[in-house]
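As a plain string of letters, each chain reads:
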Amino acid sequence: MLIAVILTLAAGTYGFRVAGVLLRDRLDLPDWARLLLPVAAAALLAALAATAAITEAGRFAGWARPVGVLVGLLLAWRRAPFLLVVVGAAVTAAVLRLLGVP
């Protein structure tokens, strides 16, 4: 059953990608929509990242994870190397959990 679900999702994803390439010249979007689509994609990714950082199983994940994400964002904003961003965020969350912060 799981293989059928995976294959269905893979076929659907591939179908959407092929449809985008094939229908690119047939769709005539207004200029405002062409300008809005990249911003909408970035907003959707930011919302997904925020949801993953703040919630776990539909509830608040505690303060350690969001603080770790904020430290990672701060390091990324300061243009730290990617490895330092990931390790800094993980260490921050781990230390806060070690100190008893949920």
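The notes below deal with the structure included here. Bear in mind that the values here come from a model prediction, so they are computed numbers and not experimental data. (Residues numbered from 1 in each chain as written. Predicted model: local features only at pLDDT ≥ 70, side-chain atom pairs only at ≥ 80, totals over all residues. Heavy atoms only, no water.)

## Things to note about the overall build of the protein
Working step 1: When its secondary structure is counted, the protein shows four helices and two strands.
Working step 2: When its helices and strands are written in sequence order, the protein yields α-α-β-β-α-α.
Working step 3: The C-alpha atoms of the protein give a radius of gyration of 20 Å, which is well past the 13 Å a tight globule of 102 residues would have.
Working step 4: By principal-axis analysis of the C-alpha atoms, the protein measures approximately 55 × 40 × 25 Å. (Helix = DSSP H or I, 4+ residues; strand = E, 2+ residues; numbered from the N terminus. Rg over C-alpha atoms; globule rule 2.2 N^0.38 Å.)

## Section: the packing of helix H2 (residues 31–54) against helix H3 (residues 64–77)
For any two helices packed against each other, one specifies the inter-axial angle together with the distance between the axes.
Working step 1: Orientation of H2 relative to H3, taken along the N-to-C sense of each, is 135 degrees, at an axis distance of 8 Å. Overall, the two elements H2 and H3 adopt an arrangement that is oblique. Between H2 and H3, the residues in contact are Ala52, Ala53 and Ile54 and Arg65, Pro66 and Val69, respectively.
Working step 2: A breakdown of the residues in the contact of H2 with H3 according to their chemical character gives five nonpolar, no polar and one charged. (Axes fitted to C-alpha atoms, helices over the stretch in contact; angles between N-to-C directions. Parallel < 35°, antiparallel > 145°, perpendicular 65-115°, else oblique. Contact = heavy atoms within 4.5 Å. Nonpolar A, V, L, I, M, F, W, Y, C, P; charged D, E, K, R; others polar.)

## What to know about the pattern of salt bridges
Pairing of side chains with opposite charge becomes possible as their charged atoms draw close.
Working step 1: A full pass over the atoms with the stated rule returns one salt bridge.
Working step 2: Residue Arg65 pairs with Glu56 through a salt bridge whose shortest N-O separation is 2.6 Å.
Working step 3: For Arg65, a relative accessible area of 24% corresponds to the partly exposed category. (Salt bridge = Lys/Arg side-chain N within 4 Å of Asp/Glu carboxyl O. Buried < 20%, exposed > 50% of the residue type's maximum accessible area, 1.4 Å probe, protein only.)

## Points about the layout of surface pockets
A water-sized probe rolled over the atoms picks out the places where empty space is left.
Working step 1: Counted as a void, the largest pocket has a volume near 270 Å³.
Working step 2: Looking at the largest pocket, the residues that line it are Phe16, Ala19, Gly20, Leu23, Arg24, Leu27, Leu29, Arg34 and Leu37.
Working step 3: Of all elements in the fold, only helix H1 (2–23) and H2 reach the threshold of two or more residues within the lining of the largest pocket. (1 Å grid on protein atoms, 1.4 Å probe; cavity = no way out; pocket = protein on both sides within 12 Å on 5 of 7 lines; lining within 4 Å. Points joined across faces, edges and corners; volume = space filled by probe spheres on them.)

## Structural notes on the packing of aromatic side chains
Working step 1: A full pass over the atoms with the stated rule returns one aromatic pair.
Working step 2: With a centroid separation of 5.1 Å and 70 degrees between ring planes, the pair formed by Phe60 and Trp63 is classed as edge-to-face.
Working step 3: Take Trp63: its relative accessible area is 54%, and that puts it in the exposed class. (Phe/Tyr/Trp six-rings, centres within 6.5 Å; stacked < 30°, edge-to-face > 60°.)

## Remarks on unusual backbone geometry
Working step 1: Of note in the backbone geometry, Ala57 takes a positive phi value of approximately 60 degrees without being a glycine.
Working step 2: A positive phi angle, near 60 degrees, is found at Arg79, a position not held by glycine.
Working step 3: Mapping Arg79 onto the fold places it in the loop between H3 and helix H4 (82–98).

## Some points on H4
Working step 1: With 17 residues, H4 should cover 24 Å at 1.5 Å per step; its first-to-last C-alpha distance of 24 Å lies within 8% of that length.
Working step 2: Among the residues of H4, Val85, Gly88, Ala89, Thr92 and Ala93 are the ones counted as buried. What you see down the axis of H4 is that its buried residues fit within an arc of 120 degrees, all on one side. Exposed and oriented more than 90 degrees from the buried face of H4 are Leu83 and Leu98.
Working step 3: Where the residues of H4 are buried, they touch H3. (Expected span 1.5 Å × (residues − 1). Arc of directions from axis to C-beta.)

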